[in-house]
Amino acid sequence: MSNFSVGFRSSGHIQILDLKGELDAHTASELEAAIQKCQANNQVHIIINGASLMYISSAGLGVFMAYIEDIRELGGDIKIAALQPKVYNVFDLLGFPMLFDIIDLEADAIGKFDPSNA
Amino acid sequence: MAEKALKTKVNEKWTSRLARRGLPVLLLALFGLSLILSVGYHFTQLTSGTPPSNGAEFLYFTFVTVGFGSLWFWMKGYFQERNDSPSKLLWSVLVSGLFLVAIAGFTARFGTVTAGGVELPLGFAPGTGIPLTSPTIIKMMVVSIAQILFAFLLLHRFQQLVLVKRTRSSQRNWFIMLILMAAAALLTVTKPAGAPQNEWQNVAFIPAVVFMLVNAFKLSWIVFLSFKEKVATIGLCFALVLLLILGLGIGDTGSNILVPRSFDYLEFFFVPLASFVKQASMFGILYCMTAFLSLLFHLPTTGDYEQREGERATIFSMAHLVSQVFDAEKLFGTVGSAPVEAGSADFSWLAMPDYQSGSLQYRVVSTHNITSERVGELINSDLIIEDLLTDRMPIIVNRASTDHRMNVAPGNSALGSLLVTPLIARDEVIGALFAAKRVINGFERDDAETIAVFAAQAALAIDNSRLFEQQVEKERLSREMSIAREVQKRLLPQNVPIMSGMSMAASSVSAQEVGGDYYDFVRLGEHKLGVIIGDVSGKGTSAAFYMAEMQGIFQSVSRLADSPSMFLHHANVALGQSLDRNVFISAIYAILDLEKENLVIARAGHCPAAIVRLSGESRYIRTPGLGLGLDRGELFQRSLTEESIALQPGDLFVLYTDGVVESRSESGEEYGYERLLSLLEDHRHDDADGIHAAVLRDLRSFIAGEEYDDDMTLVVLKWHGIPLDSLISQEHPLHETA
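Remember, predicted model here, so these are calculated numbers, not experimental data.

### As for the packing of helix α11 (residues 328-341) of chain B against helix α14 (residues 445-491) of chain B
All names here are of chain B.
Then step 1. One way to put it is that α11 packs onto α14 with a least axis distance of 10 Å and a crossing angle of 170°. One way to sum up the angle between α11 and α14 is to call them roughly antiparallel. In contact with Ala-328, Leu-331, Phe-332, Val-335, Ala-338 and Pro-339 of α11, α14 contributes Ile-451, Phe-454, Ala-458, Ala-461, Ile-462, Ser-465 and Glu-469.
Then step 2. Of the residues belonging to the contact of α11 with α14, the class tally is eleven nonpolar, one polar and one charged.

Laid out in structure tokens, this is it:
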């Protein structure tokens, strides 16, 4: 039924979440669970890869808002990479680029976490 | 008129009463008449001193038969409605029998007649049977009537016992017996009083006796009696047998004990009646004796029978369970106490998961003869329920003190044995019914089976009760939601304001009953109007609450803020205290000043407003700005940028929520910003109503029957450029759209 899924990858200490499909009020809980899992595993360097994310609703954006503060307090961050233009527009309209690192390429996002590797 | 009507009514009442009471009165009158006639008949014999003629004898035969027939049917009607318990019934027969026998016995002993030196105890002339004195006639009448009444009473009352659990054949056997008895009695009419019966008359008795035997074994009522009632009934039967043997007696002459020569007076009165009374007496004795013996044999098994009955009653109470589905607590009570009520256990309780709190931990929901605390002390419910959930079969614990799941010390008689039965509904264990006894080895296989049958029904009833509760809850919620929707509707403006030179149209629809979209207008002066549109993240009830808060903030803060960015800043501060971390509100606030002929607009993360000019020039006003609640500090204020637009006649401003541009067609394509803007360009010459309607029409044809899955709000403002001096302020009802 749900046309949303979260894939887990890691690159060193960085947890990469591949979002696929549509993130809305019904599927937001799946992303919540995924981020909670990262938190529980003490993985606070998180990259959200939105290459396959086709749609995001305000409820989906809310998930990022819910966790960013905690993650940053733990010394980590959520960086958002590779968004589709249409989805980026939704982030942009709300001013998310002022709050989050939103980067075109995943590799650049990794580089931002690990300046030494870049 | 009224008087006549009243009279008719009284008459009707009188006739209907006659119809109801007429028959019994007629029967009693016939009986009374026959008594008078028979007294007259005997006095005629006494005075004439000669036996009656054949004709007179025939007449006597007729009216006595009719008279006592009437008495029989009167009594039948009288006792028909009675439905006493067997012991009460036997008691009433015994008491009235004693009374009647006492009257007969006393009267019969009162005085004797001596004629020609011979003592005649009865007072009838030997040979002819003519009464010798008038007291003889009175004595004969009294003794006979007392005995006949006893016999009739006995038969009418015993009919109720014989016909307990009646079937067509048992009813038929009873009436055949009565008819055979009457027939055999009538055949004795030719027999002189005091003489023995002839062979034919003897033979005629045989069928009656056969049916007496058949009816004497109709003793179904005995099994329904409790132990105490049985003991009492044994005594009553014994007393009745004694009374019948001593008072009436068996055989031709009857007993000579309580009533001297008991049947002789009757024979002189009317031989067939004597025969009938003898037969009734015989049946009474027979029936009481079979009842007596049967009761004696049933006594030892009464306990078992009562337990079976209890279990049966429990099974039958299942129907009762169904009627309790509307009251879960009561239902739990009934189910929890059933094993005790059925006589299968000393104490019992029902444990179920606590669905209300959402926990699957079992807890005791009802108990019988024990408290929930005591249950907790005696057994480890978790272990038992774990086993029950795995095996889904009843568990019998024969010796509680040796079972690891119990906390019972050896020798402790608080809990001896335990039977745990799962309640299974729709293939799921929904509860556990515990039945416990103080003795060890208290539960047999058949106990487990009986309770299992009950448990299956109980599970069904509980499941239904739960479904019913859910349904009620659903309906309650939907009622509340529709109230919420009405309340929310009232939070939105009921009218669009009218400003000369402007036309405006607005509408909002929610995907669910309530939504998070908001729009509003505020008058800031004669020529100044504030317009807001907002969208709370998420949908449904939580969004609706924040939307209401937004409305409150707008109505109170908008008049105090000089500029749109100032208002949004205040709103952000106010909302910052109540918004959840994952909730934000996007909004646009614009102030229209017709005096200065400009529009100042600020955007807090909202879908950008569209402006379309008469020339066809069109764009989205995408000033920077964070959504409300995304940052609670300075960043928000820094991010906000206002834009001031000088109004030109024909300028069209369209505010909307993302539900509009994100509406999807059947193929999943989004409506989008381009399509919206080009549609607005096409309709730029229309007034606000026309443009509003055109957008909704286009949206509807675009989604082509798909459901709106987001809240959708559209506000259209058009400046027509009418001179300021003609400005008026009035309002008119909001255009019904969407």
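The rest of the description comes next.
### Quick look at unusual backbone geometry
Then step 1. Non-glycine residue A:Ala82 carries a positive phi angle of around 60°.
Then step 2. Locating A:Ala82 in the fold gives a position in the loop between β4 (77-81) and α3 (85-93).
Then step 3. Even without glycine at this site, B:Asp427 takes up a positive phi of about 65°.

### With respect to the packing of helix α3 (residues 86-108) of chain B against helix α7 (residues 227-248) of chain B
All names here are of chain B.
Then step 1. In the contact formed by α3 and α7, the axes pass within 10 Å of each other and the chain directions differ by 25°. One finds that α3 runs roughly parallel with respect to α7. Of the two elements, α3 crosses α7, and the hand of that crossing is left-handed. Where α3 approaches α7, its residues Ser-87, Leu-90, Trp-91, Val-93, Leu-94, Gly-97, Leu-98 and Val-101 are matched on the opposing element by Thr-233, Leu-236, Cys-237, Ala-239, Leu-240, Leu-243 and Gly-247.
Then step 2. Grouping the constituent residues of the contact of α3 with α7 by class yields eleven nonpolar, four polar and no charged.

### Description of α11(B)
Then step 1. Given a rise of 1.5 Å per residue, 14 residues ought to cover 20 Å, and the 19 Å separating the end C-alpha atoms of α11(B) matches this to within 8%.
Then step 2. Here α11(B) lies mainly inside the structure; ten of its 14 residues are buried.

### Here's the deal with the domain arrangement of chain B
Then step 1. Examined at the domain level, chain B breaks down into domain 1 (23-81), domain 2 (85-321), domain 3 (323-470) and domain 4 (495-733).
Then step 2. Domain 1 of chain B and domain 4 of chain B are separated by 109 Å when their C-alpha centres are compared.

### Some thoughts on the sheet that holds strand β4 (residues 362-368) of chain B
Residues and elements named next belong to chain B.
Then step 1. Across the sheet, five strands lie side by side as β4-β3-β7-β6-β5; this open sheet has antiparallel pairing. Either end of the sheet is taken by a strand with one partner, and the two such strands are β4 and β5 (395-397). Across this sheet, the average inter-strand angle for adjacent strands is 20°, counted without regard to direction.
Then step 2. As defined by bridge partners, strand β6 (residues 417-425) adjoins strand β7 (residues 428-437) across nine bridges and the pair is classed as antiparallel. Residue pairing for β7: Thr-421 is matched across the bridge by Leu-433.
Then step 3. Against the sheet, α11 touches β3 (347-353), β4 and β7, its axis set at about 145° to β3.

### With respect to the nonpolar core
Across soluble globular proteins, nonpolar side chains show a tendency to be buried alongside one another.
Then step 1. Of all hydrophobic cores here, the largest spans 92 residues; its most connected members are A:Phe64 and B:Phe567.
Then step 2. When residues of this core are assigned to their parent elements, the largest contribution, eight residues, is made by helix α2 (residues 58-73) of chain A.
Then step 3. Aside from chain neighbours lying at most four places away, what touches A:Phe64 is A:Leu19, A:Leu31, A:Ile48, A:Ile56, A:Ile78, A:Ile80, A:Phe91, A:Phe96 and A:Phe100.
Then step 4. With 76 residues, the next largest nonpolar core counts B:Val64, B:Leu248, B:Ile285 and B:Tyr287 among its residues.

### Notes on the sheet that holds strand β9 (residues 502-509) of chain B
Consider a sheet: its strands pair through backbone hydrogen bonds, and that pairing is either parallel or antiparallel.
All names here are of chain B.
Then step 1. Spatially, five strands are ordered β9-β18-β17-β14-β15 in an open sheet, and the strand pairing comes out antiparallel. Each of the sheet's edge strands pairs with one partner strand only, and the pair in question is β9 and β15 (618-621). In this sheet, adjacent strand axes meet at a mean angle of 15° when their direction is disregarded.
Then step 2. Pairing analysis gives five bridges linking strand β17 (residues 652-656) to strand β18 (residues 712-719), with the strands arranged antiparallel. Bridge pairing in β18 places Val-654 opposite Val-716.
Then step 3. Against the sheet, helix α19 (residues 673-682) contacts β14 (609-612), β15 and β17, and its axis sits at roughly 130° relative to β15.

### Comments concerning the packing of aromatic side chains
Then step 1. Evaluation of the coordinates by the stated rule reveals 32 aromatic pairs over all chains.
Then step 2. Taking the centre distance of 6.2 Å and the plane angle of 75° together, the rings of B:Tyr518 and B:Phe554 count as edge-to-face. Here B:Tyr518 is found in strand β10 (residues 517-525), whereas its partner B:Phe554 is found in helix α15 (residues 540-557), with 36 residues between them in sequence. B:Phe554 carries the same exposure label as B:Tyr518, and that label is buried.
Then step 3. Each ring, one from B:Tyr519 and one from B:Phe521, has its centre 6.2 Å from the other, and the planes form 80°; the classification is edge-to-face. Assigned by exposure class, B:Tyr519 and B:Phe521 land together as buried.
Then step 4. Of the aromatic side chains, those joined through ring pairs into one cluster are B:Phe31, B:Tyr41, B:Phe58, B:Tyr60, B:Phe61, B:Phe63, B:Phe68, B:Phe269 and B:Phe270.
Then step 5. Over the aromatic face of A:Phe8 sits the side chain of A:Lys37, whose NZ or CZ is 4.5 Å from the ring centroid.

### Some remarks on the pairing of β14(B)
All names here are of chain B.
Then step 1. The side-chain alternation of β14 yields two buried faces, one formed by Ala-609 and Ile-611 and the other by Ala-610 and Val-612.
Then step 2. As defined by bridge partners, β14 adjoins β15 across four bridges and the pair is classed as antiparallel. Bridging from a neighbouring strand, Val-612 pairs with Ser-618 of β15.
Then step 3. Where β14 hands over to β15, the hairpin turn is made up of five residues, of which Gly-616 adopts a positive phi near 100°.
Then step 4. In the sheet, β14 pairs with β17 via three bridges, with the strands oriented antiparallel.

### Focus: the interface of chain B and chain A
Then step 1. Facing the 25 residues of chain B at the interface are 22 residues of chain A.
Then step 2. Here chain B and chain A share an interface that buries about 1,900 Å² over both sides, 54% of which is from carbon and sulfur atoms.
Then step 3. Linking chain B with chain A are four salt bridges, by the criterion used here.
Then step 4. Across the pair A:Lys86 and B:Glu670 runs a salt bridge, and its minimum N-O distance is 3.7 Å.
Then step 5. Taken together, the connections running from chain B to chain A amount to eight residue pairs in polar contact (both at pLDDT 80 or more).
Then step 6. The residue inventory of the side of chain B that touches chain A, partitioned by class, reads eight nonpolar, nine polar and eight charged.

### Examining a negative patch on the surface
Residues and elements named next belong to chain B.
Then step 1. On the surface, Glu-666, Glu-706, Glu-707 and Asp-709 cluster together to form a negatively charged patch.
Then step 2. Relative to the assigned elements, Asp-709 resides in the loop between α20 (688-703) and β18.
Then step 3. Classification of Asp-709 as exposed rests on a relative accessible area of 53%.

### What about the confidence of the model for chain B?
Then step 1. Here chain B averages 85 in pLDDT, while 90% of its residues score no lower than 70.
Then step 2. Across residues 723-738 of chain B, confidence stays below pLDDT 50; counting only partners more than four residues off in sequence or on other chains, it has 38 contacts.

Rules behind the numbers
Residues numbered from 1 in each chain as written. Chains lettered and ligands numbered in written order. Predicted model: local features only at pLDDT ≥ 70, side-chain atom pairs only at ≥ 80, totals over all residues. Heavy atoms only, no water. Axes fitted to C-alpha atoms, helices over the stretch in contact; angles between N-to-C directions. Helix = DSSP H or I, 4+ residues; strand = E, 2+ residues; numbered from the N terminus. Parallel < 35°, antiparallel > 145°, perpendicular 65-115°, else oblique. Contact = heavy atoms within 4.5 Å. Nonpolar A, V, L, I, M, F, W, Y, C, P; charged D, E, K, R; others polar. Left-handed = near helix turned anticlockwise from the far one by under 90°. Expected span 1.5 Å × (residues − 1). Buried < 20%, exposed > 50% of the residue type's maximum accessible area, 1.4 Å probe, protein only. Domains from an automatic or database assignment. Pairing = 2+ DSSP bridges. Core = buried A, V, L, I, M, F, W, Y, C linked by side-chain atoms within 4.5 Å. Phe/Tyr/Trp six-rings, centres within 6.5 Å; stacked < 30°, edge-to-face > 60°. Lys NZ or Arg CZ within 6 Å of the ring centre and 35° of its normal. Buried area = accessible area lost by both parts, 1.4 Å probe. Salt bridge = Lys/Arg side-chain N within 4 Å of Asp/Glu carboxyl O. Polar contact = N/O pair within 3.5 Å; in protein donor to acceptor, adjacent residues only side chain to side chain. Patch = residues over 30% accessible without salt bridge, like charges linked within 9 Å, V, L, I, M, F, W, Y side chains within 5 Å. Areas by Shrake-Rupley, 256 points an atom, 1.4 Å probe, with all protein chains shown as cover. Lys, Arg positive; Asp, Glu negative; His and termini not counted. Charge placed at Lys NZ, Arg CZ, Asp CG, Glu CD. pLDDT = per-residue confidence, 0-100.

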